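For reference, the chains in residue letters:
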Amino acid sequence: MYKVKTKENDNSVIEFIEKVESPKKREDAYRLLDIFTETTGYQAKMWGPSIIGFGSYHYKYATGHEGDAPLVGFSPRKAKISLYFAPGDKKRDELLERFGKHTTGKACVYINKITDIDSEVLKELIIQSIDFLRETYPEQ
């Protein structure tokens, strides 16, 4: 049976950010921490060893697979900064057209640095993602 690896834990967000090697990426991580905290109203929590998440929701797929995940989050990875938004949200693509320099994956949006993006659009993406997940997975 599949076991979820990325779970919320009590590891320190600040200690994690302080271990980021690149001073510039560390600075960007603190800026993102401020933006996500301010926009979501949630306290940052570590999910797994390297994702900083905000809020949480419970999902259940038609296959029976279920688990918990952060509503939104980010990770200052070595190559790029990963931003985590709701997968499957059609409005995300519209917002990304105004976002700035980025690449995308299924649930991730990758940026090199925070100065490459429009932070106001980032706030819109955060809010849109949370709204989409609350509609898709209403609390039971």
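Described below are features of the structure shown in this document. (Residues numbered from 1 in each chain as written. Predicted model: local features only at pLDDT ≥ 70, side-chain atom pairs only at ≥ 80, totals over all residues. Heavy atoms only, no water.)

Re the pattern of salt bridges
Then comes step 1: Inspection of the entire model under this criterion finds nine salt bridges.
Then comes step 2: In this structure, D10 and K45 form a salt bridge, with 3.9 Å as the shortest nitrogen-oxygen distance. Of the two residues, D10 is situated in the loop between β1 (8-9) and α1 (13-18) and K45 in strand β2 (residues 44-47); the sequence distance between them amounts to 35 residues.
Then comes step 3: K45 sits in the partly exposed class, given a relative accessible area of 27%.
Then comes step 4: The network of salt bridges with shared partners includes K24, E27 and D28. (Salt bridge = Lys/Arg side-chain N within 4 Å of Asp/Glu carboxyl O. Helix = DSSP H or I, 4+ residues; strand = E, 2+ residues; numbered from the N terminus. Buried < 20%, exposed > 50% of the residue type's maximum accessible area, 1.4 Å probe, protein only.)

A few points about the side chain of K25
Then comes step 1: The residue K25 is located in helix α2 (residues 23-40) in this model.
Then comes step 2: For the buried K25, no salt bridge exists, and the shortest N-O distance to an oppositely charged side chain is 7.5 Å, to D28.
Then comes step 3: Setting aside its immediate chain neighbours within four residues, K25 contacts V20, P76, R77, K78, A79, K80, I81 and N112. (Lys, Arg positive; Asp, Glu negative; His and termini not counted. Contact = heavy atoms within 4.5 Å.)

Quick look at the nonpolar core
Then comes step 1: Core analysis: the biggest nonpolar cluster contains 36 residues, and F36, I52, F74, L83, F99 and L122 have the highest contact counts within it.
Then comes step 2: With seven residues, helix α4 (residues 119-136) is the single largest residue contributor to this core.
Then comes step 3: Contacts of F99, omitting those with residues within four sequence positions, involve L83, V109, I111, D116, I117, D118, V121, L122 and L125. (Core = buried A, V, L, I, M, F, W, Y, C linked by side-chain atoms within 4.5 Å.)

What about the pairing of strand β3 (residues 51-54)?
Then comes step 1: By the alternation rule, side chains of β3 split into I51 and G53 and I52 and F54, which are all buried.
Then comes step 2: Pairing geometry for β2 and β3, over four bridges, is antiparallel. When the bridges of β3 are listed, K45 appears paired with G53.
Then comes step 3: Between β2 and β3, which follow one another and run antiparallel, lie three residues, and G48 among them has a positive phi close to 65°. (Pairing = 2+ DSSP bridges.)

Brief notes about the sheet that holds strand β6 (residues 72-76)
Then comes step 1: Here we have seven strands laid out as an open sheet, ordered β1-β2-β3-β6-β7-β9-β8, and antiparallel in their pairing. Each edge of the open sheet carries a strand with a single partner, namely β1 and β8 (103-104).
Then comes step 2: Taken together, the two bridges between β8 and strand β9 (residues 108-111) define a ladder with antiparallel strand orientation. Each residue of the ladder has a partner; that of T103, found in β9, is Y110.
Then comes step 3: Running at roughly 175° to β6, α2 makes contact with β2, β3, β6 and β7 (81-84) of the sheet. (Axes fitted to C-alpha atoms, helices over the stretch in contact; angles between N-to-C directions.)

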